[in-house]
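Each chain, letter by letter, is given below.
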Amino acid sequence: MVATFEPKTDYKVVGTRPIRHDGYDKVTGRAIYGGDIKLPGMIWGVMVRSPHAHANIKSIDTSAAAAMEGVFAVITGADMPKAPSKLVDLGEGNINFKWASNKLMADDKVLYRGHPVAAIAATDRYVAEEAARKVVVEYEVLESVTNVVDALKPDAPIILPDMVGDDLGEDVTNTNMAAHVRHEFGDVEGAFASAAHTIEREYNMQMVHQGYIEPHNATATWDEEDRIKIWTSTQGAFPARTQIAGILQVDVSRVKVTPTEIGGGFGGKIPVYLEPIAALLAKKSQRPVKMVMERTAVFETTGPTPGARMVIKLGADANGKLTVATSDIWFEAGANPGAFIGPAAMCIYAPYEIANTRIDGWDVLVNKPKVAPYRAPGSPQVAFAMESAVDELCEEAGWASFKFRVDNASKEGTRRGDGVLFSKIGMQEVLEAVKECDHWNAPLGDAPEGKVRGRGIANGYWFNIGLKSSANLAVNTDGTVQLTEGSTDIGGSRTSMAMHVAEVLGIGAHDVRPTVGDTESVGYTDVTGGSRTTYATGYACWLAANNLVDVLKDRVAVLWDIKPDDVDFNDGAFTSKAEAAKSIGFKELAGKLDDLGGPATSTGTVDLESAGDGFGTHIADIEIDLATGKSDIIRYTALQDVGTAIHPAYVEGQLQGGAVQGIGWALNEEYYMQDDGKMANSSFLDYRMPTTLDLPFIDTVLVEVPNPLHPYGVRGVGETPICPPVAAIANAIKDAIGTRLYNTPMNAGSILEALK
């Protein structure tokens, strides 16, 4: 049975804005990132990568490289353990050990440009890179496909000949379609037949990258006890351990992963890329091996988010009630299956109450790197299609699109597109906040001569996963508390964890000292992703704190010679139920622990169901130069139901960061692919991401509808804010120039083409 909690407002720590615990180390440069790791006797590893997007490997000659002075180890696909075809859930996305291994090192065929074919460990990076240039690979170049339309043609080259596709439960061979799923409810055909207004449109989105500044890295040892130790920037030490052990075919107990600080991830640092390779090089060389990925390789070989083709059809009655919707969604998986069509189906209709729906999703292989999660994977794509289609339906029917969104908003009891019924959610409250928002009620203003302005609005949704988390607490005799938890920190979560504990114990946030443990320092904890960390790991911290109170009640009972049940605890003080005047504070008690039984410790663990659905609405104002097509976002507001904002400043930062990434996706970012399958813009110079010079301040409005399944009402906030921006900007562009764009990026060239 799942516990439910009544919402509270009388918090002492929750809702405040303490300085983050890791802040001083970050701003002074003392924080240790993956690239900072140095071990005695350490050598350097590099990859040899394919220049082709699709080719058979005829032969590999590594002899010249191996003979070079300073080279300690050379490996190829022949050195990779034969991992089984076993599917494992990483929390945010699945992996198959066989395909994951092949992704890290090709065996007989390369599937995308940059696919590794060999790896070398040498005295330093320069020797290793020179040796890599001496590896001779003979290829038989094959035709490549880089979009879903070409990949599904009858004569398309088959990327994985041994893959068996799943077409609605039927096996399919000799195909690039990994999966076809369907969700259908109600009478779709009947509802369309009776609808007063219908539209059907196609939308396309290009693959984009998370754009984290820190490249992937790993340092590994394989020691005399046959144990593997890894230091890496990862979004989950335990999921990394699972992948490394599965790919290398060793027991998880032989792998220890120490997570370092992480310089951005957004989902892209959940999969492993260098860790198993560094471990194999360490085993062969009998030395610690460090690897840091080149920026071009980050773009060409790590997991971007899927490109998409989507066809949406909507129907509504004469009164403006959305009665029916269908969607056909094709996502690019990259070279291995797993394109997030499941989450896309969960998200596409979520902001709306629709009685009759159908969703078909196809997971399609293309000669690009295997996709990885990117902040609400699958949701921004379908939000672009759905929210654009909603505006078009309203345009054709003559309705105000905001009122239509209010009238059709989902609420508690609404059925999601995949069949799940919502519990307490805040979609309607967010739209009410839009009505009162300064931005929404402000005039757009006149554009300068030669320019036009437009305003767009869009909804977005992301569910929160639950999963497993662990936390340990230990009381210091000075009244501070050591917290060790298992969630790697990619957005200030250490501080929110400490605040969970401090609220229970009645002490200050900085009296709790949080540490992220390695895989041998704390219990199993799932990935930092899926908007789960503050919800699930926070819940574990809350449990650990309450368990610690029980431990300390036992110590007070010894001190006062009473029964533990006769001890009360409230607001940081222990009191006697029988003698109200008898009281001792948390810190005073901590100083007496050595005489009351010794160290006081506790543990909290959870394995939670998904809960805490996050809904947001964004407003975008855009200004467009009619002569050049150049666009500028001149005002932007992100509104979101955040449940309870544990640390409001971090919540605001999450909303702003997600909005900025969505703006980049809408206006500039894309994998620009050449005919031979090569990415033409694999550097930050050519892959155009927005900077502070391109953007206004992102305003935020925090709507708090507490999640009843969390003790503090937490809803994960990190992923919802990337969902509305692409659609909000598309709707703003339409409002500005009078012509709708159906493909991303909606850059200056696309706008000029539309103006013609």
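Placed above this text is the structure.
Residues numbered from 1 in each chain as written. Predicted model: local features only at pLDDT ≥ 70, side-chain atom pairs only at ≥ 80, totals over all residues. Heavy atoms only, no water.

Visitor: Help me out: how do you make sense of the packing of aromatic side chains in this one?
Guide: Where two aromatic rings form a pair, the distance of their centres and the angle of their planes describe that pair. According to the stated counting rule, one finds 19 aromatic pairs in the structure shown. Relative to Y712, the ring of Y11 has its centre 5.5 Å away and its plane inclined at 80°; by these criteria the two rings are edge-to-face. Pair noted here: Y11 is in the segment before helix 1 (23-28) and Y712 is in the loop between strand 30 (698-703) and helix 19 (725-737), with a separation of 701 residues, a long-range link. The exposure class of Y11 is buried, given its relative accessible area of 15%. Take Y712: its relative accessible area is 5%, and that puts it in the buried class. With a centroid separation of 6.4 Å and 85° between ring planes, the pair formed by Y671 and Y687 is classed as edge-to-face. Placement of the pair is Y671 in the loop between helix 18 (648-667) and strand 30 and Y687 in the loop between helix 18 and strand 30, with a sequence separation of 16 residues. Each of the two residues, Y671 as well as Y687, counts as buried. One aromatic cluster is present, formed by F299, Y671, F684 and Y687 through successive ring pairs. Positioned above the aromatic ring of Y650 is the side chain of R20, whose terminal nitrogen or guanidinium carbon lies 5.3 Å from the ring centre. The ring centre of F192 lies 4.4 Å from the NZ or CZ of K313, which sits over that ring. (Phe/Tyr/Trp six-rings, centres within 6.5 Å; stacked < 30°, edge-to-face > 60°. Helix = DSSP H or I, 4+ residues; strand = E, 2+ residues; numbered from the N terminus. Buried < 20%, exposed > 50% of the residue type's maximum accessible area, 1.4 Å probe, protein only. Lys NZ or Arg CZ within 6 Å of the ring centre and 35° of its normal.)

Visitor: Can you walk me through the sheet that holds strand 21 (residues 467-475) in this structure?
Guide: Whenever strands of a sheet pair, they do so through backbone hydrogen bonds, lying parallel or antiparallel. Spatially, the 4 strands line up as an open sheet ordered 23-22-21-27, and their pairing is mixed. With partners counted over all chains shown, the strands left at the sheet margins are strand 23 (512-516) and strand 27 (601-608), one partner each. Here the average twist between neighbouring strands, direction ignored, is 20°. Bridge count for strand 21 against strand 27 is 8 bridges, and the pairing is antiparallel. Bridge pairing in strand 27 places L467 opposite L608. Here helix 16 (residues 533-560) sits on the sheet in contact with strand 21, strand 22 (481-485) and strand 27, set at roughly 145° to strand 27. (Pairing = 2+ DSSP bridges. Axes fitted to C-alpha atoms, helices over the stretch in contact; angles between N-to-C directions. Contact = heavy atoms within 4.5 Å.)

As far as function goes, none of this settles anything; it's purely spatial.
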